[in-house]
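# Working through the structure, step by step
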Amino acid sequence: WHGKEPFEWYRGCEHRFNSEFGFQSFPEPKTVYGYTAPQDRNVTSWVMEHHQRSGIGNATIMHYMLDWFRLPEGFDNTLWTSQILQGMAIKYACEHWRRSMPRGMGTLYWQLNDTWPVASWSSIDYHGRWKALHYMARHFFAPLLVSAHEHPETGTVDVHVTSDLLSETKGQLSWTVTDVAGNSLDTGTQALQIPANASQQVQTLDVSNLLSNHGERDLLVWLELSCPGQETSRNLVTFARPKHLELSMDPGINIDVEPVDNATYSLTLTAKRPALWCWLELDGMDARFSDNFVHLRPGASVSITAKPENALTAEELRNRLICRSLVDTYREA
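Quick look at the structure, then.

### Some points on the nonpolar core
Generally speaking, nonpolar side chains in soluble globular proteins are found buried as a group. Ranked by internal contacts, the top residues of the largest apolar core, which has 74 residues, are Phe 7, Phe 69, Leu 85, Leu 267, Trp 277 and Phe 293. Residue contributions to this core peak at 12 residues, all from helix α4 (residues 74-99). Discounting residues that sit within four places of it in the chain, Phe 7 has contacts with Phe 23, Tyr 64, Trp 68, Leu 85, Met 88, Ala 89 and Tyr 92. In terms of nonpolar packing, the next biggest core, distinct from the first, is built from 24 residues, Val 157, Leu 173, Val 237 and Phe 239 among them.

Written as structure tokens, this is what we have:
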């Protein structure tokens, strides 16, 4: 953060316990609208800079944002993109340190929550609204994790499985390589015996030929780890920064809504083409989602449970539901 090192810098850290590190983001629009008037809604306005207690804060967020993402269209998309950026920063660090077990055996990111509505290092804002980071943390801190380290110079991907479970378990690793249009280029599976409380490299994927044929900007590597009785761990590997991926401007996202009970709904998300960092919200109302800011691969679905703050019928929920993904942050409305 202070040295403006790239996120990949974390992969060279060999610390034993990481007790305080972080990256800032803005709160979501609902929170920011609570402390701004329409004329204040620019990240360099006096009000926005007042609600930022780090002297280098807003400028540093924007510095990294332009390193990784296309310039967002408008104020709201800048806020959302900052949250995706923050989640990516902490994910880089936490996944590396979990892969380094047993040398690295603990990581606490700064910070959990806020004492006022503000741009900060938190993963939960002042009103208790989860930022993208808090959803992502459920995955990179999950007891079973599949993660990877890509090597563009060799065209390989080192795949690691990390377990915080206290007993050995069995699992299956699956991988799918697609282009950015979602066409499948390669698939594979591998049965695993996963040791307790350990991390291991389980596979090296050689995609050098695909990289030669398609280029770094047109390749996505999707990873999945499934184990009996455990939540499936998923991850995505890219060889280019997100701003250089030529994603479809219309990923064709579909959401099926099914009631679970009178207060909770099950949402099943699918996409015709890859949709990265797909997130949900309700218009004019808060909701607690079981997951958010997820990647959608054609041919695979993601299930998310939604609990609105007030009771809604299925039809009312459908009418309020807003779904966006990365391409929506920079395409014109």
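### Quick word on the pairing of strand β1 (residues 144-151)
Burial of β1 is extensive: seven of the eight residues sit out of reach of the surface. Of the strand pairs in this sheet, β1 and strand β2 (residues 156-163) are connected by eight bridges, and their pairing is antiparallel. Along β2, the bridge assignment pairs His 151 with Thr 156. The antiparallel hairpin formed by β1 and β2 contains four residues in its connecting segment, where Gly 155 sits at a positive phi of about 70 degrees.

### So, the pattern of salt bridges
Within the structure shown, the criterion is met by 13 salt bridges. In this structure, Glu 231 and Arg 138 form a salt bridge, with 3.8 Å as the shortest nitrogen-oxygen distance. You can see Glu 231 sitting in the loop between β6 (220-226) and β7 (233-238) and its partner Arg 138 sitting in helix α5 (residues 132-140), a full 93 residues away along the chain. Arg 138 sits in the partly exposed class, given a relative accessible area of 35%. Arg 318 is paired through a salt bridge with Glu 315; the nearest N and O atoms lie 3.6 Å apart. Remark: Glu 315 and Arg 318 occur in helix α7 (residues 314-320); sequence separation between them is three residues, near one turn of the helix.

### Quick word on the environment of Gly 188
Its location among the elements puts Gly 188 in strand β4 (residues 184-194). Taking the C-alpha atoms as reference, Gly 188 lies 9.7 Å from Leu 205; in sequence the two are 17 residues apart. Excluding anything up to four places from it in sequence, Gly 188 contacts Leu 173, Ser 174 and Trp 175.

### Thoughts on the state of the cysteines
Under the counting rule described, the total for this entry stands at zero disulfides. Cys 278 takes part in no disulfide bond, and the closest cysteine sulfur, belonging to Cys 323, lies 3.4 Å away. Accessibility expressed as a relative area gives 26% for Cys 323, which makes it partly exposed.

What counts and how
- Residues numbered from 1 in each chain as written.
- Predicted model: local features only at pLDDT ≥ 70, side-chain atom pairs only at ≥ 80, totals over all residues.
- Heavy atoms only, no water.
- Core = buried A, V, L, I, M, F, W, Y, C linked by side-chain atoms within 4.5 Å.
- Buried < 20%, exposed > 50% of the residue type's maximum accessible area, 1.4 Å probe, protein only.
- Helix = DSSP H or I, 4+ residues; strand = E, 2+ residues; numbered from the N terminus.
- Contact = heavy atoms within 4.5 Å.
- Pairing = 2+ DSSP bridges.
- Salt bridge = Lys/Arg side-chain N within 4 Å of Asp/Glu carboxyl O.
- Disulfide = S-S within 2.5 Å.

Limitation: the analysis is restricted to geometry and does not speak to function.
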